[in-house]
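# Observations on the model geometry
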Amino acid sequence: MDFFAAVTYLLVGTSSVSGLIIPRPAMEATNLPEQIHLSWSGNPTEMYVTWATPSPSTVTSVKFGLDAANLTSTATGTSTVFVDGAKAHKVRYIHRVTLVNLVPATRYYYSCGSDSGWATVYTFRSIQAGTEWSPRLLVYGDMGSVNARSLQEMTKEVQADRYDLVLHVGDFAYDMDNSNGDVGDDFLRALEPLAAIIPYVTVVGNHEQKYNFSHYRNRFTCPGNDEGMFYSINVGPLHLTVMSTEFYFFLRYGVTQIYNQYYWLAKDLTAAAENADNGWIFVAGHRPMYCSNPDMVDCNPRGNIDYAVIDSVWVQKTQPGRPVWYRGSKQTGRLLHSDRKSSARTEG
């Protein structure tokens, strides 16, 4: 079988999601779970479930099973207090549960909640194991809360089971911290019909920078120990490396994270290039890797240090292959592959 990654790039402007209404009260009116979304550890027998409530709960749980009417398994997780950095210091409770011992490529049903009540039953398909298959990714970036014109259509496609994973390449809500974080709440409520039924993998962007990226770090669940700023997963024959292009532009938050990412990135890409199971290496960052215009906002040489690592690994470890580019207005994905038999397909 040929190895390939089917990648759809939908470059979404800030547009309106007219008609898409979540039939759920606002956070202040109830303590039921809301802003429910899935994400993935990279293990096909696991799935992360994340949601928010305005008040604490004694238990953070997910009931799940193979039948929507018979959720036979229960997993418990953790709840953390997230205090917004604005003057009002609005408090939210973020709940996280990891579902384990899932059968890969299997349809599951789940409901998250606690003693305060349970959410709507949602469904998802666990990720397929192994590398002898072709992952289907929905990739986009820059989507606002007020103006997400493409969200309805993307939700329909996800509900039709066209994709295995969603990758949002930075800039959420415009901005999640606005109005004491209420804009972030609205955004994740609108996203729930999509993100609650498919792994929603995230990349940090410049619009998440407020309070040292606190809304991004707290609202999303990612693998690794770096709060989603940089990490990697393998999905089929595709190695996906997520990095922060923002460390270099917001130096007031420190420089240690720059060094940490630099050395991690070199190690991650070297290991990925040496892994014979990786037909493709995909590096995702919010700002473009290279530019063909003099835009010094997004195309600033400050970020080139990590891109130099990418090129170094490419030259040293995958020289027999060839680069394949997908270029957009805000983010550039570069697929690197070796001389093994591979093919690439783009849908859209």
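Residues numbered from 1 in each chain as written. Predicted model: local features only at pLDDT ≥ 70, side-chain atom pairs only at ≥ 80, totals over all residues. Heavy atoms only, no water.

## Concerning the overall build of the protein
Heads up, the rule is: Going along the chain from the N terminus, every DSSP run of H or I of four or more residues is numbered as a helix, and every run of E of two or more is numbered as a strand. Residue exposure (1.4 Å probe, protein chains only): buried if accessible area is under 20% of the type maximum, exposed if over 50%, otherwise partly exposed. Areas reported here follow the Shrake-Rupley algorithm with a probe of radius 1.4 Å; residue values treat only the protein chains shown as occluding.
Counting its secondary structure elements, the protein contains five helices and 21 strands. In the protein, which comprises 348 residues, the proportion classed as buried is 57%. Approximately 14,100 Å² of the protein is accessible, and the part contributed by carbon and sulfur atoms is 52%.

## Examining helix 1 (residues 151–159)
Cut-off, in case you're wondering: It is the directions from the helix axis to the C-beta atoms that the arc portrays.
Those residues of helix 1 lying buried are Leu-151, Met-154, Thr-155, Glu-157 and Val-158. All buried residues of helix 1 fall inside an arc of 160° around its axis, so they share one side. Exposed residues pointing more than 90 degrees away from the buried face of helix 1 are listed as Lys-156 and Gln-159. In the stretch just after helix 1, Asp-161 is the one whose phi turns positive, near 65°.

## Thoughts on the sheet that holds strand 3 (residues 47–53)
Defined as follows: Two strands qualify as a pair provided DSSP detects at least 2 bridges between them. Lines fitted to C-alpha atoms define the axes here, with helix axes fitted over just the stretch in contact, and angles between the N-to-C directions of these axes take values from 0 to 180 degrees. Note on contacts: a residue pair qualifies if any of its non-hydrogen atoms lie within 4.5 Å across the two residues.
As summarised here, the arrangement of the four strands in space is 2-3-7-6, forming an open sheet in which the pairing is antiparallel. For this open sheet the edge positions go to strand 2 (34–39) and strand 6 (78–83), each flanked by a neighbour on one side alone. Across the sheet, the axes of successive neighbouring strands diverge by a mean angle of 20°, strand direction being ignored. Pairing of strand 2 with strand 3 involves four bridges; the strand directions are antiparallel. Paired with Glu-34 across the two strands is Ala-52, which belongs to strand 3. Running at roughly 55° to strand 2, helix 2 (residues 182–195) makes contact with strand 2 and strand 7 (91–99) of the sheet. Contacts between helix 3 (residues 210–219) and the sheet are confined to strand 2, strand 3, strand 6 and strand 7, with strand 7 contributing the most and set at about 40° to the helix.

## Concerning the pattern of salt bridges
Short version of the rule: Should a side-chain nitrogen of Lys or Arg be within 4 Å of a carboxyl oxygen of Asp or Glu, the pair is scored as a salt bridge.
Across all of its chains, the model carries 14 salt bridges by this definition. Its salt-bridge partner being Arg-162, residue Glu-157 comes within 3.3 Å of it at the nearest N-O pair. Between Glu-246 and Arg-287 there is a salt bridge whose closest N-O contact spans 2.7 Å. Of the two residues, Glu-246 is situated in the loop between strand 17 (238–242) and helix 4 (256–274) and Arg-287 in the loop between strand 18 (280–284) and helix 5 (304–317); the sequence distance between them amounts to 41 residues. Of the two residues, Glu-246 and Arg-287, both sit in the buried class. Several salt bridges share partner residues, and in doing so they unite Lys-90, Arg-92, Asp-182, Asp-185 and Arg-219 into one network.

## Topic: a nonpolar patch on the surface
Our working rule: Surface patches are drawn from residues lacking salt bridges whose relative accessible area is over 30%; two like charges belong together within 9 Å, two nonpolar side chains (Val, Leu, Ile, Met, Phe, Trp, Tyr) within 5 Å.
On the surface, Leu-251, Val-255, Tyr-259 and Tyr-263 cluster together to form a nonpolar patch covering roughly 440 Å² of accessible area. Its place among the elements puts Tyr-263 in helix 4. When its relative accessible area of 55% is taken as the criterion, Tyr-263 is described as exposed.

## Quick look at the confidence of the model for the protein
Here is the rule we go by: On a range of 0 to 100, pLDDT expresses the predictor's confidence in each residue.
Within the protein, residue pLDDT values average 83, and 75% of them lie at 70 or more. Note that pLDDT drops below 50 for residues 1–25; the model gives that stretch 100 contacts with residues more than four away or on any other chain. Of the regions scoring below 50 in pLDDT, residues 317–348 engages in 112 contacts with residues more than four places distant in sequence or in other chains.

## Details of the nonpolar core
We count it as follows: We call a set of buried residues a nonpolar core when its members are Ala, Val, Leu, Ile, Met, Phe, Trp, Tyr or Cys and they connect through side-chain atoms within 4.5 Å of each other.
Ranked by internal contacts, the top residues of the largest apolar core, which has 71 residues, are Tyr-110, Leu-167, Leu-191, Leu-194 and Tyr-200. With seven residues, helix 2 is the single largest residue contributor to this core. Excluding residues that lie within four positions of it along the chain, Leu-194 makes contacts with Leu-151, Met-154, Thr-155, Val-158, Val-166 and Tyr-200. Core analysis: the second largest hydrophobic core is formed by eight residues, Leu-265, Leu-269, Ala-272 and Ile-281 among them.

## Side note on unusual backbone geometry
Leave glycine aside and you will find that most residues have negative phi; peptide bonds, for their part, are mostly trans. Cis peptide bonds are those with omega within 30 degrees of zero, and the linkage from Tyr-174 to Asp-175 qualifies with -5°. Tracing the backbone shows Asp-175 in the loop between strand 14 (172–173) and helix 2. Unusually for a residue other than glycine, Ala-105 sits at a positive phi of about 55°. Classification of Ala-105 as partly exposed rests on a relative accessible area of 41%. We note that Glu-227 has phi near 55°; this positive angle belongs to a residue other than glycine. Here Glu-227 shows up in the loop between helix 3 and strand 16 (231–235).

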